[in-house]
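So you can see what is in the structure, the chains are spelled out below.
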Amino acid sequence: MFWLPVDRTLDMPLIRQVYEQIRLRILHGELQAEDRLPATRELASNLGVSRNVIIEAYEQLIAEGYLVGFQGSGTYVAKGAYLKQEDKDEFLSLFEMNQHIENDTGVIDFRSGIPALDMFPRKSWGHIAKQVCIETSQSIFGYDHPEGRTELRLVLAQYLKRTRGVNCHPDQLVITSGATQAFSLIANLLLSSEDEIIIEDPITNEIQTIFSSSGTSLYPIPVDEYGMKTDLLPANKRPKFIFVTPSHQFPLGGTLPIQRRIQLIHFARNTDCYIIEDDYDSEFRYQGTPVSSLQGLDPERVIYVGTFSKILSPGLRLGYLILPPSLAQKCKDLKWFMDLHTPSLEQLTLAHFIDGNYLERHIRKMKKVYQVRRDYIKSCLKQEFSNTVTILGDSTGLHLVAEFEDIVFSEDILSKITEHNVKVYPVESHAIQKGNHTNKIILGYGNLSKEEIKEGIKRLKCALTTS
Ligand SMILES: Cc1ncc(COP(=O)(O)O)c(C=O)c1O
């Protein structure tokens, strides 16, 4: 009997499920040229779906050339629709794909920067998204402005002033597809191959790659428990900009004190360069009062980058850039070249989400959740490793760094840890100058339950004591 799995709980119409599975079987060669497919009535009855579902799926496959239908004599696989597989993974069925993403079970992954995905505010977001889709004028379905929806830029400017001390007019804001696109826009806007920038060391590999990909050289400045060591800024350099994560240095977690912020601004003024402030997760501050942005101290020098990846979801791909007025128009032009604009429905949904006070409520709620997880991971680390571990950078955010007294996280030790079904991330892999952080790992806890945290740290201990 010819059979395909159909799943009514999937967010995919049945016609599409049937169509996609037959299409993939033909491409893989599991269904071969001239194979006859069951009659529509028969397949519908095998799968327990209406006959129209099968008719429409077959019609679509015929229209695309995968099948040929002969009136009265059945439906057959067309010739020439088999594509030799180079890499089997590329041809996973949709069901396998879902499992691939969702069922990486057994492994406890301390990847940093992932918020609690099971606590995304589905109801309120979904309710607003539906309202936006149904009630907004039809122009929202057309092309939009590259800088983003006015409604979002207005509420965002007010929100950032209130919560982060950011000083900007909505015209200085460009809505981007996450902070990552904001970094690419900055690179396009300011950098060429002869340029040099000053950057914290360590800092994420991705950011290093984006800024160095145009041939620009990176001048690393080491980071201590307070962030960039600004007394090491080189008087003889003329960088295009200085890149910092001042609220919560990534990955080491320091918060840049006001004295260093002022030193940084003096340096930027003297060398006539910009400062890029990446403020990726400062909303979740557990100790002390929230620190104001660097941008508020000198809006003409500082380009501020923010994201909704941590406070809401990385899947939304929503971020933003705040530029001095002199750079704003050029940046909008570049955004237009890149992808015209960030999706309008999501932008408008977010604008209502902020305006209706849902965002701040969500942040308040999540801050409590993450604080419990942070305290718990610290106590688990202490329990398993007592005073052979030092915890760094835990005042803010969704990750901390564990520094071990006598362990070097070499490739061998890291594979041993992976064999114990736990994933941790070495700080050293984000270091520009190698050798200074070999005994430190990044532990993200935002998307892990207390049980997972406890089990993960136990496995880590086990891996380290048996290696
Ligand atoms: C330092 C830093 N900045 C920004 C981001 C956010 O990137 P995006 O907004 O593109 O998800 C990340 C992601 O983990 C990060 O580590």
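From a predicted model like this one, the values you see are computed outputs, not experimental measurements.

Along its sequence, the protein is carved into domain 1 (14–100), domain 2 (108–119 + 365–466) and domain 3 (122–360). On a C-alpha basis, the centres of domain 1 and domain 2 stand 46 Å from each other.

Our next topic: the site of the ligand. The environment of the ligand is formed by Gly178, Ala179, Thr180, Thr204, Ile207, Phe250, Asp278, Tyr280, Thr307, Ser309, Lys310 and Arg317. Thr180 is positioned such that a nitrogen or oxygen atom in its side chain is 2.5 Å from an oxygen atom of the ligand. Separating an oxygen atom of the ligand from a side-chain N or O atom of Arg317 is a distance of 2.7 Å. If the ligand stood free it would expose 400 Å²; the protein chains cover 86% of that surface. A per-element tally of the shell around the ligand places helix H7 (residues 178–190) first, with three residues. Looking at the shell around the ligand residue by residue, the class counts come to four nonpolar, five polar and three charged.

Judged by how many residues are buried, strand E11 (residues 302–307) sits mostly within the fold: six of six residues are covered. Across the two faces of E11 the burial is the same, with Val302, Tyr304 and Gly306 and Ile303, Val305 and Thr307 all buried. Examined bridge by bridge, E11 and strand E12 (residues 319–322) share four bridges and lie antiparallel to one another. Note on E12: the bridge partner recorded for Val305 is Leu321.

Below, the discussion takes up the packing of helix H2 (residues 40–47) against helix H3 (residues 51–63). Closest axis-to-axis distance for the H2/H3 pair is 8 Å, and the angle between their directions is 120°. Considering their axes alone, H2 and H3 lie oblique with respect to each other. The handedness of the crossing between H2 and H3 comes out as right-handed. Between H2 and H3, the residues in contact are Thr40, Arg41, Leu43, Ala44 and Leu47 and Arg51, Ile54, Ile55 and Tyr58, respectively. Its residues assigned to classes, the contact of H2 with H3 comprises six nonpolar, one polar and two charged.

Moving on, we come to the nonpolar core. Membership of the largest hydrophobic core comes to 64 residues, with the highest contact counts inside it found for Phe308, Leu381, Phe404, Ile417 and Leu443. The element best represented in this core is helix H12 (residues 358–385), accounting for nine residues. Inspection of this core shows a minimum of three residues originating in each of domain 2 (108–119 + 365–466) and domain 3 (122–360). When sequence neighbours within four positions are dropped, the list of residues in contact with Phe404 reads Phe385, Thr388, Val389, Phe409, Asn439, Ile441, Leu460 and Leu464. Formed by 27 residues, the second largest nonpolar core is a distinct cluster that contains Leu218, Val305, Leu323 and Leu327.

For the bond from Asp201 to Pro202, the omega torsion is 5°, close enough to zero to count as cis. Geometrically, the link from Phe250 to Pro251 is a cis peptide bond, its omega value of 5° lying close to zero. Mapped onto the fold, Pro251 is located in the loop between strand E9 (241–244) and helix H9 (258–271). Here Arg317, not a glycine, exhibits a phi torsion of approximately 50°, which is positive. As for its position among the elements, Arg317 is in the loop between E11 and E12. Since its relative accessible area comes to 34%, Arg317 is described here as partly exposed. One non-glycine residue, Asn357, lies in positive phi territory at about 70°. Note that Asn357 resides in the loop between helix H11 (344–355) and H12. Exposure remark for Asn357: the relative accessible area of 31% places this residue in the partly exposed category.

Criteria and thresholds
Residues numbered from 1 in each chain as written. Predicted model: local features only at pLDDT ≥ 70, side-chain atom pairs only at ≥ 80, totals over all residues. Heavy atoms only, no water. Domains from an automatic or database assignment. Near = heavy atom within 4 Å. Polar contact = N/O pair within 3.5 Å; in protein donor to acceptor, adjacent residues only side chain to side chain. Areas by Shrake-Rupley, 256 points an atom, 1.4 Å probe, with all protein chains shown as cover. Helix = DSSP H or I, 4+ residues; strand = E, 2+ residues; numbered from the N terminus. Nonpolar A, V, L, I, M, F, W, Y, C, P; charged D, E, K, R; others polar. Buried < 20%, exposed > 50% of the residue type's maximum accessible area, 1.4 Å probe, protein only. Pairing = 2+ DSSP bridges. Axes fitted to C-alpha atoms, helices over the stretch in contact; angles between N-to-C directions. Parallel < 35°, antiparallel > 145°, perpendicular 65-115°, else oblique. Left-handed = near helix turned anticlockwise from the far one by under 90°. Contact = heavy atoms within 4.5 Å. Core = buried A, V, L, I, M, F, W, Y, C linked by side-chain atoms within 4.5 Å.

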